[in-house]
Amino acid sequence: MGVVRGAGVVVTGAGGGIGAALARRFAAEGARVVVNDLDADKAAAVAEEIGGIAVPGDASSIVGEARDALGGTVDVYCANAGLASGGSEAADEKVWALAWDVNVMAHVRAAHELLPEWLERGSGRFVSTVSAAGLLTMIGAAPYSVTKHGAYAFAEWLSLTYRHRGLKVHAVCPQGVRTDMLAGTGSAGDLVLAPTAIEPEAVADALFQGIEEDRFLILPHPEVAGYYRARAADPDQWLTGMNHIQQKWEAAG
Ligand SMILES: NC(=O)c1ccc[n+]([C@@H]2O[C@H](COP(=O)([O-])OP(=O)(O)OC[C@H]3O[C@@H](n4cnc5c(N)ncnc54)[C@H](O)[C@@H]3O)[C@@H](O)[C@H]2O)c1
């Protein structure tokens, strides 16, 4: 794809799952790819496989090193690293804080570092791996749902604020994707995500189609558009429907 060939691309959380699929696809399209992951071995393995550059570490603090590795310019930044922080209002404060840090603040910090360069150049692309939970909500996972709403809100804010200055933003909002994260979501994931789960490569396909069509909202599960409309059109009816799923989950124990 023309806009990606030769581009300097950073993908966070790319040691496995969706991030690895994005990194592979960007490399296959001719981009130069920085593979970031907290797990240095996983980042190194994916980087070696695709001819990319491994920059291990916390997604919140790697923009400078990634920029250097790409020769001074980042063209595309994929804020993909995320935590499936489950639990209710009673989840530990540390769980809430870490979910905010990785699922939201890492995006804010990266944008803060990248925007001066992008605005000066008049171009840049920020890809946020949000989740359908950022548009709807996830049963049994308050920290995840709330922080993914935050990630979506931030992507939306970036897009409406800087689109006339050359910034492209994509919010990728899949439901279940067959990765280690999905495998770890337990009975709620089994009930609401597993039946329609897709492969990580399908998320990369949806992103590339969205890039080609210049769309902000990327829905690898197209049916999410209908759920999102239903939520906006009649919140109480939508909440009643979601509560039925909650009760089914409780009954399944
Ligand atoms: N799998 C799903 O069903 C699904 C659905 C919707 C959205 N998502 C989102 O997609 C993204 C990727 O999820 P996945 O399913 O591929 O997960 P995954 O757990 O398979 O992979 C995530 C990777 O991120 C890394 N990581 C975690 N914290 C990090 C940090 N602070 N800095 C750098 N790397 C870090 C992990 O080591 C791991 O390799 C997440 O943001 C997730 O919320 C996943």
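Since we're looking at a predicted model, the values are computed, not measured.

Attention now goes to the site of the ligand. Around the ligand lies a shell of 26 residues, among which Ile 18, Asp 37, Asn 80, Tyr 144 and Thr 179 are the nearest. One of the side-chain nitrogen or oxygen atoms of Asp 58 is found 3.3 Å away from a nitrogen atom of the ligand. In the environment of the ligand, an oxygen atom lies 2.6 Å from a nitrogen or oxygen atom belonging to the side chain of Thr 179. Out of a free accessible area of 820 Å², the ligand has 91% covered by protein chains. Elements supplying a minimum of two residues to the shell around the ligand: helix H1 (17–28), helix H5 (142–162) and helix H6 (180–183).

Another aspect to go through is the pairing of strand S6 (residues 167–172). Burial within S6 is extensive, with five of its six residues counted as buried. Looking at chain direction, strand S5 (residues 124–129) and S6 are connected through six bridges and run parallel. Each residue of the ladder has a partner; that of Ser 128, found in S6, is Ala 171. Handedness of the β-α-β unit built from S5, H5 and S6 comes out right-handed. Judged from the two bridges that link them, S6 and strand S7 (residues 217–218) form a sheet pairing that is parallel.

Moving on, we come to the pairing of strand S2 (residues 32–35). As defined by bridge partners, strand S1 (residues 8–11) adjoins S2 across four bridges and the pair is classed as parallel. Counted as the bridge partner of Val 10 is Val 34 from S2. Running through H1, the crossover from S1 to the neighbouring parallel element S2 is right-handed. Where S2 meets strand S3 (residues 53–54), two bridges bridge the pair, whose relative direction is parallel. By the bridge assignment for S3, Val 34 is matched with Ile 53. Crossover connection from S2 via helix H2 (residues 40–50) to parallel S3: handedness right-handed.

Definitions and limits used
- Residues numbered from 1 in each chain as written.
- Predicted model: local features only at pLDDT ≥ 70, side-chain atom pairs only at ≥ 80, totals over all residues.
- Heavy atoms only, no water.
- Near = heavy atom within 4 Å.
- Polar contact = N/O pair within 3.5 Å; in protein donor to acceptor, adjacent residues only side chain to side chain.
- Areas by Shrake-Rupley, 256 points an atom, 1.4 Å probe, with all protein chains shown as cover.
- Helix = DSSP H or I, 4+ residues; strand = E, 2+ residues; numbered from the N terminus.
- Buried < 20%, exposed > 50% of the residue type's maximum accessible area, 1.4 Å probe, protein only.
- Pairing = 2+ DSSP bridges.
- Right-handed = clockwise from strand over helix to strand, strands pointing away.

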